[in-house]
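Listed here are the chains, written in short residue letters.
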Amino acid sequence: MKLEQLLKFYAETDSTLQVVQKLKSGGAPHVRLKGLAGSMPSFVVASAAQQLKKTHLCLLPNHETAAYFLNDIETIFSKKSVCFFPSSGRRPYEHSDKNNSNLLLRAETLNELITYARSESTRALIIVAYPESIAEKVVTRQHLSKNTLQVVKGEKLSVDFVVELISEYGFERVDYVLSPGQFSVRGGIIDVFSFSDDNPYRVELLGDEVESIRSFDPVTQLSIQQMESMTVIPNIQEKLLKESRQSFLEYIPADTIVWLNDTVSIADTIQKEVDSATKIFSNSESLIEQLHPDELYITQEHFFKQLFNFPCVEFGNRFHLETDLTIEYECTPQPAFNKNFEMLLDHLNSNAENNFNNIIFFDTEKQAERLRSIFSDLNKTNLHTDDLWTGIPLSVHEGFIDKQNKIACYTDHQVFGRYHRYQLKNSFSKTNEAITLK
């Protein structure tokens, strides 16, 4: 079995079809999924998103679970169709840019939502977030569009116009761009590091016409990719100090499907964020005029009120919304084998006798070969152990046993007892380190 076949299988199960049908029924239905375990929620979301070509917002209880969920969705679905929306990484009323990579990811997501809406895409867009990230209000769509510069290859463009405009955006003119919010001009060449991308852009003009656009590595100055167009947006957190704000739930499309893991926990954390900001605001002795927390954060009450406008799917343990449909799953986490491969082999044999499909996800082919070798040494019968399981090259966080559909999914890192760490895009920090070393 291949990944495509596994996703197709889950897309056609009765439970997934019921969920999709309810979400297609119109209005804002609320669905409750009980009994999910391991990384199975990621497969459910991916299977539904294949059929519901719209925006999906997945809210997880905290940063860590969101990061693991993000990695699962990126490998199962499509990395190009997944965005991560982190918090700004600042303490309330702290205005220094301590975590530019987070600001970059927030800006990328807001910009991707506008681009997605304009393109009338037939693909799904999945956004992964957590309470602290959606507790902070964002700049409105109108202000973001107003403060966005779109450059298209072949169009007419004036260097003076670009310099004047992005200076108004708060960009700093430097000799060489190293970080978001900087630009440089050398003759007919404009380098600009937007807050909407991981790498800076280089625009070459022939007279007053855009001859080429490409992204480049700020460390080596080598080109990465030729582009037909580029988008330059400012630091959205700085714009918040001057412009109007709105909840992220007001920013996303009205037909977005919201997936919530532990709704009560998410709401409680949102309230803690605004309570913390209110306390700091009350004790602040700053001479600088500060905005009230109500203008910068949403409350738990606001969060619940806005949820009722969206189709919602709850999973996890702590539910809140009144449900229109409840789906019960018979799913358990992958057993802990603690490197006991004889126990694993017995488990696979038992599953096969009960007509289960055994699947082992592995990070590298080397791990799959290692497991085959171990099974071969342990096997005391003429049974071909390769017939007991199927290997799929896929990095997911946790295995699960789906008793309803007779599928048992294991991960090689859990089998071998290795720690599995999530990976987040943090190219800005790496760029800074590389430049400092150089």
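Located above this text is the structure these notes cover.
A. Broad picture of the sheet that holds strand S22 (residues 407–411). With mixed pairing, the 5 strands of this open sheet are ordered in space as S18-S21-S22-S19-S20. Both edges of this open sheet fall to strand S18 (331–333) and strand S20 (390–393), since each of them pairs with a single strand only. If you compare each strand with its neighbour and ignore which way they point, the axes differ by 20 degrees on average. As paired strands, S18 and strand S21 (residues 400–402) are joined by 3 bridges and run antiparallel to one another. Each bridged residue has a counterpart across the sheet, and for Thr332 the counterpart in S21 is Ile401.

B. The arrangement of the packing of helix H1 (residues 3–11) against helix H3 (residues 40–51) in detail. Two numbers describe how H1 lies on H3: the axes approach to 9 Å, and their chain directions differ by 80 degrees. Judged on the interaxial angle alone, H3 and H1 are roughly perpendicular. Taking contact as the criterion, the partners of Leu3, Leu6, Leu7, Tyr10 and Ala11 in H1 are, on H3, Met40, Phe43, Ala46, Ser47, Gln50 and Gln51. Tallied by class, residues from the contact of H1 with H3 come to 8 nonpolar, 3 polar and no charged.

C. Quick peek at helix H4 (residues 63–76). Taking 1.5 Å of rise per residue, 14 residues should cover 20 Å, and H4 covers 20 Å from first to last C-alpha, within 8% of that figure. With respect to burial, H4 is a largely interior element, 10 of its 14 residues being buried. Looking only at H4, the buried set comprises Ala66, Ala67, Tyr68, Phe69, Leu70, Asn71, Asp72, Ile73, Glu74 and Ile76. Residues of H4 that are buried in the fold lie against H1, H3, strand S2 (55–59), strand S3 (82–85) and strand S4 (125–129).

D. Focus on the packing of aromatic side chains. Under the criterion given, the structure shown has 13 aromatic pairs. For the pair Phe9 and Tyr10, a centre-to-centre distance of 5.6 Å together with 80 degrees between the ring planes defines the contact as edge-to-face. In this structure Phe9 comes out as partly exposed when scored by relative accessible area, which is 31%. Between the aromatic rings of Phe337 and Tyr410, the centroid separation amounts to 6.0 Å while the plane-to-plane angle is 50 degrees, which identifies the pairing as tilted. Here Tyr410 lies in strand S22 and Phe337 lies in the loop between S18 and helix H14 (341–353), a separation of 73 residues in the sequence. Here the guanidinium or amino end of Arg141 rests over the ring plane of Tyr251, the centre of that ring lying 4.7 Å away. Arg202 extends its terminal NZ or CZ atom over the ring of Phe216, reaching a point 4.1 Å from the ring centre.

So, how was this worked out
For every chain, the first residue of the written sequence is number 1, and numbering continues from 1 onward in sequence order. Confidence filtering applies because this is a predicted model: local features only for residues at pLDDT of at least 70, side-chain atom pairs given and counted only at 80 or more, and all residues used for totals across whole chains, interfaces and linings. Water and hydrogen atoms play no part in the side-chain values, which are based on all heavy atoms of the structure. One bridge is not enough; two strands pair if DSSP finds at least two bridges between them. Note on conventions: DSSP H or I runs of at least 4 residues are helices, E runs of at least 2 residues are strands, and numbering of each starts at the N terminus. The axes are straight lines fitted to the C-alpha atoms, using for helices just the contacting stretch, and the angles between their N-to-C directions are given from 0 to 180°. Throughout this description, any angle smaller than 35 degrees is read as roughly parallel, any larger than 145 degrees as roughly antiparallel, any in the 65 to 115 degree range as roughly perpendicular, and the remainder as oblique. Contacts: residue pairs with any heavy atoms within 4.5 Å of one another. Three categories are distinguished: nonpolar for Ala, Val, Leu, Ile, Met, Phe, Trp, Tyr, Cys and Pro, charged for Asp, Glu, Lys and Arg, and polar for the others, with Gly belonging to the last. What a helix should span is 1.5 Å times the count of its residues minus one. Relative accessible area decides the class of each residue, using a 1.4 Å probe on protein chains only: under 20% of the type maximum gives buried, over 50% gives exposed, and in between gives partly exposed. Stacked, edge-to-face and tilted are the three classes for Phe, Tyr and Trp ring pairs, Trp counted by its six-membered ring, which pair at centre distances within 6.5 Å; planes under 30 degrees apart are stacked, over 60 edge-to-face, the rest tilted. Here, over-ring charges are defined by two tests on the NZ atom of lysine or the CZ atom of arginine: distance to the ring centre within 6 Å, and angle to the ring normal within 35 degrees.

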